[in-house]
Amino acid sequence: QVRLVESGGGLVQAGGSLRLSCAASGRTLSVYAVAWFRQAPGMEREFVARISSSGTTTNYADSVKGRFTISRDNAKNMVFLQMNSLKPEDTAVYYCAADFGPATLREMSMTRKYDYWGQGTQVTVSS
């Protein structure tokens, strides 16, 4: 059982950067793989990035590859999403989610794979 809280969202101009944080409590986050998802109004929640429990392996959606970086600091029970070169289409509520166990590329992009979710943080990118 782990509780997740996102922070760091806000309003930024296109081309700018933002760093999101996911803080965990209740259990150590180090035993979980953690992913970031995002959801725009009227849209399905979509996969953004995932990091393995050890931090050794990362995966990214094609839409953010090369612009976003997921990282973690297990000593602090935190996961981060560094977002650079932001575009208006990145505007969404961003959620962090945790799961236990391995995942295929298809599985890790499905919301039902994840056992725990934060409440989300709003990211708005203006043009």
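Since the structure is predicted, the reported quantities are computational estimates derived from the model, not experimental observations.

Enquirer: Help me out: how do you make sense of the pattern of salt bridges in this one?
Expert: Between side chains of opposite charge, a pair can form as their charged atoms come close. Tallying each qualifying case throughout the model produces six salt bridges. R38 is paired through a salt bridge with D90; the nearest N and O atoms lie 2.8 Å apart. Of the two residues, R38 sits in strand β4 (residues 33–39) while D90 sits in the loop between β8 (78–83) and β9 (92–99), which places them 52 residues apart along the sequence. The exposure classification of R38 matches that of D90, with both residues buried. The salt bridge partner of D99 is R50, with a shortest N-O separation of 2.5 Å.

Enquirer: Honestly, the nonpolar core in this entry has me stumped. Any pointers?
Expert: Within soluble globular proteins, side chains that are nonpolar tend to cluster in buried spots. Counting residues in each nonpolar core, the largest one holds 35 residues, and the members touching the most others are L4, W36, L81, M83 and Y94. At the level of secondary structure, the elements contributing two or more residues to this core comprise β3 (18–25), β4, β5 (46–51), β7 (68–73), β8, β9 and β11 (121–126). Ranked by residue count, the leading element in this core is β9, at five residues. Filtering out sequence-adjacent residues up to four positions away, L4 remains in contact with C22, A23, A24, L29, C96, A97, A98, Y116, W117, G118 and Q119.

Enquirer: Explain the environment of G16 here, please?
Expert: Tracing the sequence through the fold places G16 in the loop between β2 (10–13) and β3. A C-alpha to C-alpha distance of 28 Å links G16 and M108, two positions 92 residues apart in sequence. Beyond its immediate chain neighbours, meaning those up to four positions away, G16 contacts M83, N84, S85 and L86.

Enquirer: For this particular structure, what's the right way to read the environment of R112?
Expert: Along the polypeptide, R112 turns up in the loop between β9 and β10 (116–117). Spatially, the C-alpha atom of R112 lies 9.7 Å from that of D99, the residues being 13 residues apart in sequence.

Enquirer: Can you help me understand the state of the cysteines in this one?
Expert: Between two cysteines, a covalent bond joining their sulfur atoms is known as a disulfide. By the definition in use, this model includes one disulfide. Here C22 is linked by a disulfide to C96, with a sulfur-sulfur distance of 2.1 Å. The disulfide joining C22 to C96 has a torsion of about 65° about its S-S bond and is therefore right-handed. Taken as a pair, C22 in strand β3 and C96 in strand β9 lie far apart in primary sequence, 74 residues in all. Take C22 and C96: they sit in the same class, and that class is buried.

Enquirer: Sorry if this is basic, but what is going on with the packing of aromatic side chains here?
Expert: Two aromatic rings are characterised by how far apart their centres lie and by the angle between their planes. The final tally for this structure, using the stated rule, is six aromatic pairs. Ring centres of F37 and F47 lie 5.7 Å apart, and the angle between their planes is 80°; this geometry places the pair in the edge-to-face category. On the criterion of sequence distance, the pair formed by F37 in strand β4 and F47 in strand β5 is long-range, its members being 10 residues apart. Pair check on accessibility: F37 and F47 agree, each one buried. For F37, a relative accessible area of 0% corresponds to the buried category. One aromatic cluster in this structure is built from F37, F47, Y95, Y114 and W117. The ring of Y95 has R45 sitting right over it, with the charged end atom 3.7 Å from the ring centre. Note that R45 overlies the ring of W117, its terminal NZ or CZ placed 5.1 Å from the centroid.

How each quantity is defined
Residues numbered from 1 in each chain as written. Predicted model: local features only at pLDDT ≥ 70, side-chain atom pairs only at ≥ 80, totals over all residues. Heavy atoms only, no water. Salt bridge = Lys/Arg side-chain N within 4 Å of Asp/Glu carboxyl O. Helix = DSSP H or I, 4+ residues; strand = E, 2+ residues; numbered from the N terminus. Buried < 20%, exposed > 50% of the residue type's maximum accessible area, 1.4 Å probe, protein only. Core = buried A, V, L, I, M, F, W, Y, C linked by side-chain atoms within 4.5 Å. Contact = heavy atoms within 4.5 Å. Disulfide = S-S within 2.5 Å. Phe/Tyr/Trp six-rings, centres within 6.5 Å; stacked < 30°, edge-to-face > 60°. Lys NZ or Arg CZ within 6 Å of the ring centre and 35° of its normal.

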